[in-house]
Amino acid sequence: IYIPDRVKISPLETSDIEMSCQLLYGNENNSNNLTWKWMLNGENRSVEATDRISIVNIFSPIVQTKLSIREVTMREKGLYECWATNEFGQSKQQI
């Protein structure tokens with residue numbers, strides 16, 4: 001997994017943020033069984049879509065996932081990880 005433009009995010013409350021992860025190797029032809037998952041603070045808390053949080057998984061032309069949070073609050077503070085899983089195993093990357 002690759003993090004494009006890796007930066008430390010220090011948003012102000014009520015600002016919007018977006019994070020993304022891409023597969024280094026892969027394309028829409030070999031991503032049929034791929035699933036993405038976002039975690040906050042390791043394996044402690046799964047990030048789910050809500051009215052303020054959106055998760056978009058894109059499989060063409062670049063295989064990637066994007067996490068967007070509108071009006072971020074202190075509840076969203078922490079270390080984020082994106083997980084990619086397929087029949088060959090699992091990989092994760094911290095943001």
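Our structure's up above, just so we're on the same page.
Here is a short report on the structure shown in this document. (Residues numbered from 1 in each chain as written. Predicted model: local features only at pLDDT ≥ 70, side-chain atom pairs only at ≥ 80, totals over all residues. Heavy atoms only, no water.)

Notes on the state of the cysteines
Thinking step 1. What the rule picks out here adds up to one disulfide.
Thinking step 2. Each disulfide pairs two cysteine sulfurs, and for Cys21 the partner residue is Cys82, the sulfurs being separated by 1.9 Å. Disulfide Cys21-Cys82: the torsion about the S-S bond is -100 degrees, which places it as left-handed. Taken together, the residues span a long stretch of sequence, with Cys21 in strand E1 (residues 17-22) and Cys82 in strand E6 (residues 80-86) at a distance of 61 residues. Each of the two residues, Cys21 as well as Cys82, counts as buried. (Disulfide = S-S within 2.5 Å. Helix = DSSP H or I, 4+ residues; strand = E, 2+ residues; numbered from the N terminus. Buried < 20%, exposed > 50% of the residue type's maximum accessible area, 1.4 Å probe, protein only.)

With respect to the sheet that holds strand E2 (residues 35-40)
Hydrogen bonds between backbone groups are what pair the strands of a sheet, and the pairing can be parallel or antiparallel.
Thinking step 1. Across the sheet, four strands lie side by side as E3-E2-E6-E7; this open sheet has antiparallel pairing. Two strands close off the open sheet at either side, each with one partner strand: strand E3 (45-46) and strand E7 (89-94).
Thinking step 2. Two elements, E6 and E7, share six bridges in a ladder whose sense is antiparallel. Paired with Thr85 across the two strands is Gln90, which belongs to E7. (Pairing = 2+ DSSP bridges.)

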